[in-house]
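# Structure assessment
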Amino acid sequence: MSDCIFCRIVRGEIPSKKIYEDEEIFAFHDINPIAPVHFMIVPKVHVGSLMDVDPSHQKALGHILLKANELARGQGLNEGFRTIINTGRIGHQEVYHLHVHILGGPEPLGSMLKRRAP
Ligand code: AMP
Ligand code: ZN
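Below you will find a few notes about this structure. (Residues numbered from 1 in each chain as written. Chains lettered and ligands numbered in written order. Predicted model: local features only at pLDDT ≥ 70, side-chain atom pairs only at ≥ 80, totals over all residues. Heavy atoms only, no water.)

Moving on to unusual backbone geometry. Located in the positive-phi region is His-92, a residue other than glycine, with phi close to 60°. Considering the arrangement of structural elements, one finds His-92 in the loop between β4 (82-84) and β5 (100-104). Take His-92: its relative accessible area is 55%, and that puts it in the exposed class. (Helix = DSSP H or I, 4+ residues; strand = E, 2+ residues; numbered from the N terminus. Buried < 20%, exposed > 50% of the residue type's maximum accessible area, 1.4 Å probe, protein only.)

What follows is the structure in structure tokens.
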């Protein structure tokens, strides 16, 4: 059994502010939000990152993206939101259980990344 932090949240061993769960996926608020609404959707099965996926994960990953809009609307994000999947060292991934961030709020979020000076 994995002692990964998000696996433990999925199993209810670590408390979280749960938004939704079904047999395949689990959604909960980020503990350190960077937008007025910031939650994550994860597959219940442990998969480290997008660099580790294989065809066995296809259904859960599709399910996450299909649920994103409904769950975002449930949090009041009726005019759009941002989805982020940080992957690996370059992607600045901190927790190695694949997760999709959903971010939004009443105001537009601004550009995706700051442009570097040329
Ligand atoms: P990432 O950098 O994409 O790996 O994002 C990991 C996210 O997990 C960060 O935004 C953290 O604030 C969040 N996080 C870490 N531990 C917890 C926790 N126990 N409950 C909820 N969110 C968490
Ligand atoms: Zn895990």
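Now that the structure has been shown, we can carry on.
Perfect tetrahedral coordination of a metal by four donors corresponds to 109.5 degrees between them, and perfect octahedral coordination by six donors corresponds to 90 or 180 degrees. Coordination sphere of the zinc ion (ligand 2), protein contribution only: Cys-4 (SG), Cys-7 (SG), His-46 (ND1) and His-97 (ND1), at 2.0 to 2.3 Å. Classification of the site at the zinc ion (ligand 2) rests on its four donor atoms, whose angles at the metal span 105 to 119°, yielding the label tetrahedral. Mapped onto the polypeptide sequence, the residues donating to the zinc ion (ligand 2) form the spacing pattern C-x2-C-x38-H-x50-H. A residue pair is termed long-range when its members are at least 10 positions apart, and His-46 in the loop between β3 (37-43) and α2 (58-74) and His-97 in the loop between β4 and β5 qualify at 51 residues. A relative accessible area of 37% places His-46 in the partly exposed class. The class of His-97 is buried, set by a relative accessible area of 0%. (Donors = N, O, S within 2.8 Å, 3.2 Å for Na, K, Ca; no water. Tetrahedral: all angles 85-135°; square planar, octahedral: opposite > 155°, others 65-115°.)

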